[in-house]
Amino acid sequence: MDREGAETYLRLLAEAAMRGSLAPAPGAPWGSGTGREPAMITVGRALAAVGAVDVATVEKIMTDFDLAVRVRQFGQGHAGTAAWVVQAHSARYVGLAPVGLPARAGPGPLEPSEPAGDEEEDDRFVPVGLTVPFRIGAISGELCLMSFAHTGTGARFIAAWDIRTPQLQTRLGAESSGLIPFEDFTVTDDRGARYQLDAKPGDDPQWSTEIIVRPAPPRDIGWLDVAGPDHPAVRVGLGPGIAPTADGQPQASDVTLSPGEHLLVMLAERLLTTAPGPPGPPGRLRRRAAALPASLRAMVAGLGDVVRALEAADVLSPLSPVPARLATLCASLDLDGHGITVPPAAVLPEAWLSLLAHYQRRKPEPAPMRDGYAPLAVALPELDGIRLALLGLLHAEESSSLYVLARGPERDHRYGPLDIDLAFPLSAWLRDGGGRWHAARSDRWHRGGRENTIRLQLVPPLTRPTARAEIIIGGQSAEVRTTVPLRWEYPS
Amino acid sequence: MINSPNEDWFAPLPPCEAQVPCGEGRHVVRWEAGAFRLASHADPEAELVLAALGGDKPRCVDLAEAWGRHAADLTVLSVGPRGPDDPVPVGWDDVDAAAQAAQPGQWGWQAYRPHSTPMRLASPPTAAIARAAARHAQFEREAEQASQRKIDILSLLALGHAFQVRLTGHVVAAYAGRLDQPDEHGRNVRSVLTAALLGRLAPVAEQWIGIDQDQVVVALHDGPGWGSAELTGRGAQRRLRVSLPAWWLARVWACGLALTGRHLVVATERAGWPDARVLALRAPGAEPVSLEAHASTGPHGVGSPSTHDGPNWEI
């Protein structure tokens, strides 16, 4: 890796942008997210994402560059320039927040209920697939247990729920957990020991998906009886149940992506999964491209610079086929001005083509799929230092999600170019029983330091309750495939 | 002899002056032979002692200190002028406005400072609150240092173009001999100087042979000789590829010698004011020739408070 080459490229890009700023009638004021600034941010984030430069260096370059442009605006009638110069903080460039969104606030990682350690052998993941109804006073609902996970940080169910009150009726999901009367649930194991349930608080008060079992039960119990208030207990078997996979153990294979190629693949998938708006019938590509946020469209203009910067940093070979595929993808999505100079590729990966075909469909989907969930419990081999466990599929409100537990070194929650989530630097895909591919994009996090439950939103959502799915998770050094049977459950 | 290490890089630069609002009046500050001088303050050291004892520090003294702090600050290369056609029009009113904006209470986040009256707490502060307070204090300190640094730079820019290019020369001179060591902020010096070279050579090249500035490619030259300059490709693929030592920025560009008599000056063989001998190219790929250069002052004359012109060198 050529770190000096990377830093030099970014600084030369800043110089080129400076020349642009010196042109007469610069138009929109600096800092408005127009001109070359988004491209520079994209390149800076890309180089930081592959480790060619550190974030602090990128921020220093952007800060100096920003100051250079600002001081040239003195005397040009830009009100507040002096105040901006001294008050601006560089974190807005490369730091925690995606473009256009504030950095997430909230408490830090939760204290583990048990000492965290390398206890992989003792980890236990069990598919559940049971619905526990509850009613207390005017509040009723159903707790849908997708899976049970017992790791070094404790025992919990991965769950979704629906809640009904006189004023509120939620659909199957993971919101408003505070309305569930967990204190009135009873939980008993096969030895008569009693436990309590509680929603695990996370840094996102609007979203929770883990129901903690306290204290953590012994790892060798056979079942738990879970009873909601005003309802009989539902027995949750924790022994061997349904086969977690249809084809034996998940299959891992080596891949030989350079850091630059892996980043470009993630960028391609980001473009493929950028939702054009609320779920609805798929539109034509032109409409979809127009619906991309303006900030993303501006950053797409920096993709050619990203490719050249990665080459300058020696993390992308000039002979790599990935930039050509990215160019073809941009053309297919009607995203012009990307600046990638290599000729487009004639062939795209099958999964990309499947998504493109979806967007090009003009026929509306048949009747929407019913809200439901499918239990999963598959621990995958480690990928790029991350150990994943697949813990459930949920389909609600015409949106489908794959729930995973990600374990590994604690990562800063940073965003890369095009706002890709660098805390989940993996490529995730699901192929349904009909052969259609669905990209799985990191969407919501339940953060817990070294263990995080992540909701991966499937794009496009499922359209029918497929009986099996092939799931592929790709890292820079390896790829894991597994085929899972799906037994769909539906709340009443 | 090219770029003799025994010759001061600033030998071809005449003195320059600027007027600075200081106290109730305007004082003269002067750059001469590589030194920043306070012409209107007889004993700046004594004034510093008084300031340390609680007295007001004159702005001129502030400026001299800022000059010392930033004469080896690579940020100057990013912010400073790329050439005579790139004015950096900071005025003293701008500096005052920035200083006012940096006062406590002007920052958005300071609105969240704890109430000055101690509040009665239901329970003692937890360790988490203490950690958060420490982080906040650290952020506050860093933000104040960053804003002070920017005010320093604005003040130095307010001295005008002549001081700006001289400060650029000092910064280059501080690092040209140690390209492979990072600066105190971890910046890669070779990267910064490569970008500084491109930013300042590209406009010169445009004037020299009419090439688009985006078609100029630079590299820092290491080793013996002055470097290289060649023109490659055609049309949109045309490139002027120039390799020059980092010292070129100080010894040639900062001294106003870069384009002299329609030649690209690549080195000084004998530095001096108002006469120097330079090594210069008439065209890319040509052999450099040794030329005698003679300087005249700009229309405002050396020492004029509004001097924006460097020396005007002729063959």
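Residues numbered from 1 in each chain as written. Chains lettered and ligands numbered in written order. Predicted model: local features only at pLDDT ≥ 70, side-chain atom pairs only at ≥ 80, totals over all residues. Heavy atoms only, no water.

Q: Give me the overall build of chain B: which residues, what numbers.
A: Within chain B one finds eight helices and 11 strands. Every one of the 315 residues in chain B was classed for burial, and the buried ones make up 46%. Relative to all contacts within chain B whose residues are 6 or more apart in sequence, the contacts with residues 24 or more apart total 59%. For chain B, the computed accessible surface area is about 15,200 Å², with 52% contributed by carbon and sulfur atoms. (Helix = DSSP H or I, 4+ residues; strand = E, 2+ residues; numbered from the N terminus. Buried < 20%, exposed > 50% of the residue type's maximum accessible area, 1.4 Å probe, protein only. Contact = heavy atoms within 4.5 Å. Areas by Shrake-Rupley, 256 points an atom, 1.4 Å probe, with all protein chains shown as cover.)

Q: Would you mind going over the packing of helix α6 (residues 259-273) of chain A against helix α9 (residues 303-312) of chain A in detail, with residue names and values included?
A: Each packed pair of helices is defined by two parameters, the angle between the axes and the distance between the axes. Residues and elements named next belong to chain A. Contact geometry of α6 with α9 gives a least axis separation of 10 Å together with a crossing angle of 165°. In terms of orientation, α6 lies roughly antiparallel with respect to α9. Considering the relative orientation of α6 and α9, their crossing is right-handed. Touching G260, L263, L264, L267 and L271 of α6 are L303, V306, V307 and L310, all from α9. (Axes fitted to C-alpha atoms, helices over the stretch in contact; angles between N-to-C directions. Parallel < 35°, antiparallel > 145°, perpendicular 65-115°, else oblique. Left-handed = near helix turned anticlockwise from the far one by under 90°.)

Q: Mind laying out the environment of Q213 of chain B, listing which residues take part and the relevant values?
A: Turning to its location among the elements, Q213 of chain B is positioned in the loop between α7 (189-209) and β4 (216-220). We classify Q213 of chain B as buried; its relative accessible area is 16%. Once the C-alpha coordinates of Q213 of chain B and Q100 of chain B are considered, the two residues, 113 residues apart in sequence, prove to be 38 Å apart. Each residue touching Q213 of chain B, except ones within four places of it in the same chain, is listed here: R19 of chain A together with A202, P203 and E206 of chain B.

Q: Describe the interface of chain B and chain A, with residues and values.
A: Think of interface size as the accessible area that goes away when the parts come together; that is how it is often given. On the chain A side, the residues contacting the 38 residues of chain B number 25 residues. Taking both sides of the interface into account, the surface hidden between chain B and chain A amounts to around 2,800 Å²; carbon and sulfur atoms contribute 59%. Summed over the shared surface of chain B and chain A, the number is five salt bridges. A salt bridge links R82 of chain B to E15 of chain A; the shortest N-O distance between them is 2.6 Å. In this assembly, chain B and chain A are joined by 12 residue pairs in polar contact (both at pLDDT 80 or more). Mapped onto the side of chain B that touches chain A, the elements with two or more residues apiece are α3 (75-79), α4 (92-101), α5 (127-157) and α7 of chain B. (Buried area = accessible area lost by both parts, 1.4 Å probe. Salt bridge = Lys/Arg side-chain N within 4 Å of Asp/Glu carboxyl O. Polar contact = N/O pair within 3.5 Å; in protein donor to acceptor, adjacent residues only side chain to side chain.)

Q: Provide a residue-level description of empty space enclosed by the protein, including the pertinent values.
A: In this structure the tally under the stated criterion is six cavities of 30 Å³ or more. In terms of lining, the largest cavity is formed by 14 residues, of which the most central are R11 and E15 of chain A together with S78, R82 and A195 of chain B. For the lining of the largest cavity, the elements supplying multiple residues, two or more each, are α1 (3-22) and α3 (55-71) of chain A together with α3 and α7 of chain B. Broken down by class, the residue content of the lining of the largest cavity amounts to nine nonpolar, one polar and four charged. (1 Å grid on protein atoms, 1.4 Å probe; cavity = no way out; pocket = protein on both sides within 12 Å on 5 of 7 lines; lining within 4 Å. Points joined across faces, edges and corners; volume = space filled by probe spheres on them. Nonpolar A, V, L, I, M, F, W, Y, C, P; charged D, E, K, R; others polar.)

Q: Quick one: what's the story with the sheet that holds strand β2 (residues 25-32) of chain B, residue by residue and with numbers?
A: Residues and elements named next belong to chain B. Pairing in this open sheet of three strands is antiparallel, and the strands run β1-β2-β3 from one edge to the other. Two strands lie at the open edges of the sheet, namely β1 (16-22) and β3 (35-38), each paired on one side alone. Across this sheet, the average inter-strand angle for adjacent strands is 25°, counted without regard to direction. As paired elements, β1 and β2 share seven bridges and run antiparallel to each other. The residue of β2 that forms the bridge with A18 is V29. On the sheet, helix α2 (residues 59-70) packs against β1, β2 and β3 and is oriented at approximately 170° with respect to β3. (Pairing = 2+ DSSP bridges.)

Q: Would you mind going over the pattern of salt bridges in detail, with residue names and values included?
A: One pass over the structure, following the stated rule, counts 35 salt bridges over all chains. Between R190 of chain B and E4 of chain A there is a salt bridge, with its nearest N and O atoms 3.6 Å apart. Placement of R190 of chain B in helix α7 and of E4 of chain A in helix α1 is noted, with the two residues assigned to different chains. Judged by its relative accessible area of 14%, R190 of chain B falls in the buried class. Residue E4 of chain A is classed as partly exposed on the basis of its relative accessible area of 30%. Put simply, E292 of chain B and R277 of chain B hold a salt bridge, and the shortest N to O gap is 3.8 Å. On the criterion of sequence distance, the pair formed by E292 of chain B in strand β10 (residues 289-296) and R277 of chain B in strand β9 (residues 275-281) is long-range, its members being 15 residues apart.

Q: How would you summarise the packing of aromatic side chains if you had to cite specific residues and measurements?
A: All names here are of chain B. Tallied over the full model, the rule gives 10 aromatic pairs over all chains. The interplanar angle of 85° and the centroid separation of 5.3 Å between the aromatic rings of W9 and F10 together place this pair among those described as edge-to-face. Like W9, the residue F10 is buried in the burial classification. Their ring planes at 90° and their centres at 6.2 Å tell us that W67 and F163 sit as a pair that is edge-to-face. Of this pair, W67 sits in helix α2 while F163 sits in helix α6 (residues 161-175), and the two are 96 residues apart along the sequence. Relative accessible area serves as the criterion here: at 1%, F163 is assigned to the buried category. (Phe/Tyr/Trp six-rings, centres within 6.5 Å; stacked < 30°, edge-to-face > 60°.)

Q: If you had to explain the environment of I420 of chain A to someone new, which residues and values would you point to?
A: Residues and elements named next belong to chain A. Along the chain, I420 turns up in the loop between β12 (399-407) and β13 (427-431). Exposure remark for I420: the relative accessible area of 5% places this residue in the buried category. The spatial distance from the C-alpha of I420 to the C-alpha of L179 is 33 Å, given a sequence separation of 241 residues. Discounting chain neighbours no more than four positions away, the residues touching I420 are L263, M266, L267, R270, R414 and Y415.

Q: Mind laying out the sheet that holds strand β17 (residues 478-485) of chain A, listing which residues take part and the relevant values?
A: All names here are of chain A. Spatially, the nine strands line up as an open sheet ordered β9-β17-β16-β13-β14-β15-β12-β11-β10, and their pairing is antiparallel. Two strands bound the open sheet, and with one partner strand each, they are β9 (251-254) and β10 (372-379). If you compare each strand with its neighbour and ignore which way they point, the axes differ by 25° on average. Of the strand pairs in this sheet, β13 and strand β14 (residues 437-446) are connected by four bridges, and their pairing is antiparallel. Bridge assignment links R431 to a residue of β14, and that residue is W437. The strands touched by α6 within the sheet are β13, β14, β15 (451-459) and β16 (468-474), with β13 carrying the most contacts at an inclination of about 50°. Contacting β13, β14 and β15, helix α11 (residues 350-360) crosses the sheet at an angle of about 90° to β14.

Q: Could you give an account of a nonpolar patch on the surface, with specific residues and numbers?
A: Residues and elements named next belong to chain B. Nonpolar side chains collect at one region of the surface, where V49, L50 and L53 lie side by side and expose about 340 Å² of accessible area between them. Inspection of the secondary structure assignment puts L50 in helix α1 (residues 44-52). Look at L50 and you get exposed, because its relative accessible area is 55%. (Patch = residues over 30% accessible without salt bridge, like charges linked within 9 Å, V, L, I, M, F, W, Y side chains within 5 Å.)

Q: Please give an account of the nonpolar core that cites residues and values.
A: In this structure, L159, L193 and W248 of chain B are the most contacted members of the largest nonpolar core, which totals 155 residues. No other element matches the 11 residues that α7 of chain B contributes to this core. Excluding its chain neighbours within four sequence positions, the residues that come into contact with L193 of chain B are L77, V172, Y175, L179, L220, A246 and L249 of chain B. Core analysis: the next-biggest nonpolar cluster, separate from the first, contains 44 residues, V126, W161, L172 and L394 of chain A among them. (Core = buried A, V, L, I, M, F, W, Y, C linked by side-chain atoms within 4.5 Å.)

Q: Now, about helix α10 (residues 322-332) of chain A: what can you tell me, with residues and values included?
A: Residue and element names in this part refer to chain A. Taking burial as the measure, the 11 residues of α10 include eight buried ones, the bulk of the element. Taken residue by residue, α10 has V322, P323, A324, L326, A327, T328, L329 and C330 as its buried positions. In this structure, the buried side of α10 is in contact with α6, α9 and α11. Where α10 ends, the next residue or the one after it, D334, has phi of about 65°, a positive value.

Q: Summarise the confidence of the model for chain A; cite the residues concerned and give the values.
A: Residue and element names in this part refer to chain A. Per-residue confidence for chain A gives a mean pLDDT of 81; residues scoring 70 or more make up 79%. The secondary structure element of chain A with the lowest average pLDDT is helix α5 (residues 91-94), at 48, and the one with the highest is β13, at 96. Low confidence marks residues 277-286, where pLDDT is under 50. Its contacts with residues over four positions away, or in another chain, come to 13 contacts. (pLDDT = per-residue confidence, 0-100.)

Q: Lay out the confidence of the model for chain B with the relevant residues and their values.
A: Residue and element names in this part refer to chain B. Put simply, chain B has an average pLDDT of 85, and 86% of its residues get 70 or more. Counted against residues more than four places away or in other chains, residues 107-122, with its pLDDT under 50, gives 17 contacts. Under a pLDDT of 50 for its full length, residues 300-308 has, in the predicted model, 15 contacts with residues more than four places off or in other chains. Of the two predicted TM-score estimates for the complex, the pTM is 0.83 and the ipTM is 0.87.

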